[in-house]
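Structure at a glance
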Amino acid sequence: YKRQVGSFLKTRGSNIVKPTFIGIGAQKCASTWLYRILAEHPEVGVGQEKEIDFFSYHYDHGYQWYESQFVECVGKRAIGEISPSYFCEPAVPARIKRYLPDAKILVSFRDPVQRALSNHRHEVRVGHLTGEDLAFEAGLENNPMYTEQGRYATHLKRWLDHYPQEQILVVLQEDIAEDPVAVTKKVYEFVGVDAGFEPEQLNKKYNPSYANRSRILTNVKDQIYALTKFPAMRWLWKFGDMIGLKRLYRSINTVPSDEVIPAPNETTIKKLRETFHPEVEELSKILERSLEAWK
């Protein structure tokens, strides 16, 4: 990886690679599915990692570092990345606009209550919420981002202050579930590649709902996965999958989320829907489509 970056920096002046599209989230709204169908398209180049997080968490690394993430994308018709951390960070739209004024912005949403529930399962799985009380109510009290990330209209309007609506495509996870072929074609057309291509990942589900039994085993798995981010070590993860180690890990260390997380209280869900109601109403106006199912 260091050799790749070094080679890139030497030729940067004559061969700068910049994204043509940016996926901005929201979190837990099919961003992994979008990344996979884009990464599979032969005319699309994506960053070396799904979530580069440059404009949110790594802005201090500078543009050379960011451009080095796309060294393998030279010659592609569309180049981009998907980082859900971008969506609700106030400073990010202006940062991307300054650097990529013509970029196409890809956004994905889902029912904000279901998004919050998925967010909670994720926080339990990665160990950000621990202890005896793993109820959704405990998660809501612990993490204000459960609701903040669901304020879609508030955050989307900030992006619309910097980019015209024709440069922003909003995709709903519910539409993906209903007709993944139609959504895939719309995404491909938006980023400017052959919309007739049919990815193998089309109907595959990502990030299934599960919890981990042991944080120690999870940490070991995460450390091994971190090694595979280096190109020279990518074979390690594929080899482990091929010989069945990943299946063995799942059988030993994972359980369905509902075995450790109790069902949310109906009153909690009702209050959360009331909280999101103004946002859903405003988003419906922006998108010019009914979102009654979210109310």
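Residues numbered from 1 in each chain as written. Predicted model: local features only at pLDDT ≥ 70, side-chain atom pairs only at ≥ 80, totals over all residues. Heavy atoms only, no water.

**Some points on unusual backbone geometry**
Note the cis peptide between Gly25 and Ala26, where omega equals 15°. With phi around 55°, Glu288 is a residue other than glycine that occupies positive phi space. Along the chain, Glu288 falls in the segment after α14 (266-287). (Helix = DSSP H or I, 4+ residues; strand = E, 2+ residues; numbered from the N terminus.)

**Some details on the side chain of Ser83**
Relative to the helices and strands, Ser83 resides in the loop between β3 (78-82) and α4 (92-99). Ser83 gets classed as buried once you look at its relative accessible area, which sits at 0%. Of the polar contacts made by the side chain of Ser83, one reaches the backbone nitrogen of Ile52; its length is 3.1 Å. (Buried < 20%, exposed > 50% of the residue type's maximum accessible area, 1.4 Å probe, protein only. Polar contact = N/O pair within 3.5 Å; in protein donor to acceptor, adjacent residues only side chain to side chain.)

**Regarding the nonpolar core**
Counting 43 residues, the largest nonpolar core has Tyr86, Phe87, Ile96, Ile105, Phe109 and Trp159 as its most contacted members. Those elements that provide at least two residues to this core are α4, β4 (104-109), α5 (112-125), α8 (152-160), β5 (168-172) and α14. Considering each element in turn, this core owes the most residues, 6 residues, to α14. Once residues lying within four places of it in the same chain are set aside, the contact partners of Phe109 are Ala26, Cys29, Phe87, Tyr152, Leu156, Val170, Val171, Leu172, Gln173, Glu174, Leu283 and Trp294. Membership of the second largest hydrophobic core comes to 23 residues, among which are Phe21, Ile37, Val44 and Ile82. (Core = buried A, V, L, I, M, F, W, Y, C linked by side-chain atoms within 4.5 Å. Contact = heavy atoms within 4.5 Å.)

**A few points about the packing of α8 against α14**
Here α8 crosses α14 at 40°, and the two axes come no closer than 8 Å. As summarised for this structure, α8 and α14 are arranged oblique, according to the angle between their axes. Between α8 and α14, the residues in contact are Tyr152, Ala153, Thr154, Leu156, Lys157 and Leu160 and Glu279, Glu282, Leu283, Ile286 and Leu287, respectively. Its residues assigned to classes, the contact of α8 with α14 shows 7 nonpolar, 1 polar and 3 charged. (Axes fitted to C-alpha atoms, helices over the stretch in contact; angles between N-to-C directions. Parallel < 35°, antiparallel > 145°, perpendicular 65-115°, else oblique. Nonpolar A, V, L, I, M, F, W, Y, C, P; charged D, E, K, R; others polar.)

**Quick word on the pattern of salt bridges**
For the coordinates displayed, the defined rule picks out 8 salt bridges. Sharing partners across several salt bridges, the network here consists of Glu281, Glu292 and Lys295. (Salt bridge = Lys/Arg side-chain N within 4 Å of Asp/Glu carboxyl O.)

**Description of the packing of α5 against α14**
The packing of two helices is summarised by the inter-axis angle and the distance between the axes. Between α5 and α14, the shortest axis-to-axis distance is 9 Å and the interhelical angle comes to 125°. Between α5 and α14, the crossing angle belongs to the class labelled oblique. In contact with Pro112, Val113, Gln114, Ala116 and Leu117 of α5, α14 contributes Ile269, Leu272, Arg273, Phe276 and Val280. Here the contact of α5 with α14 is composed, by residue class, of 8 nonpolar, 1 polar and 1 charged.

**Looking at the packing of aromatic side chains**
All told, the structure shown has 18 aromatic pairs when counted by the stated rule. Aromatic side chains Tyr188 and Phe197 sit 6.3 Å apart centroid to centroid with 50° between the ring planes, which places their arrangement in the tilted category. Look at Tyr188 and you get buried, because its relative accessible area is 0%. Overall, the relative accessible area of 24% leaves Phe197 in the partly exposed class. (Phe/Tyr/Trp six-rings, centres within 6.5 Å; stacked < 30°, edge-to-face > 60°.)

**Details of the sheet that holds strand β1 (residues 21-23)**
Read from one edge of the open sheet, 5 strands run β2-β3-β1-β4-β5, paired in parallel fashion. This sheet does not close on itself; its edge strands, each paired only once, are β2 (44-46) and β5. When the angles between neighbouring strand axes are averaged without regard to direction, this sheet yields 25°. Examined bridge by bridge, β4 and β5 share 5 bridges and lie parallel to one another. Bridge pairing in β5 places Leu106 opposite Leu169. Across the sheet, α8 is in contact with β4 and β5; its angle to β5 comes to roughly 160°. (Pairing = 2+ DSSP bridges.)

**Some points on α8**
Within α8, the full set of buried residues consists of Tyr152, Ala153, His155, Leu156 and Trp159. Seen along its axis, α8 keeps its buried residues to an arc of 165°; they face one direction. (Arc of directions from axis to C-beta.)

**Quick look at the layout of surface pockets**
Each pocket or cavity is described by its volume, and for the second largest pocket that value is around 310 Å³. Forming the walls of the second largest pocket are 17 residues, and the residues nearest its centre are Val170, Val171, Asp175, Lys186 and Arg289. Of all the elements in the fold, those that place two or more residues in the lining of the second largest pocket are α8, β5, α9 (173-178), α10 (180-191) and α14. Per-element accounting of the lining of the second largest pocket gives the leading share, 5 residues, to β5. Looking at the lining of the second largest pocket, its residues break down into 11 nonpolar, 1 polar and 5 charged. (1 Å grid on protein atoms, 1.4 Å probe; cavity = no way out; pocket = protein on both sides within 12 Å on 5 of 7 lines; lining within 4 Å. Points joined across faces, edges and corners; volume = space filled by probe spheres on them.)

**Let's talk about the pairing of β3**
With 5 of its 5 residues buried, β3 lies for the most part within the structure. Because side chains alternate across β3, one face comprises the buried residues Ala78, Gly80 and Ile82, and the other comprises Ile79 and Glu81, equally buried. When β1 meets β3, the two strands line up parallel, connected through 3 bridges. Residue pairing in the sheet places Ile22 in a bridge with Glu81 of β3. Bridge analysis of β2 against β3 gives 3 bridges, and the strand direction is parallel. Residue pairing in the sheet places Val44 in a bridge with Ala78 of β3.

So yeah, pure geometry; function would need other evidence.
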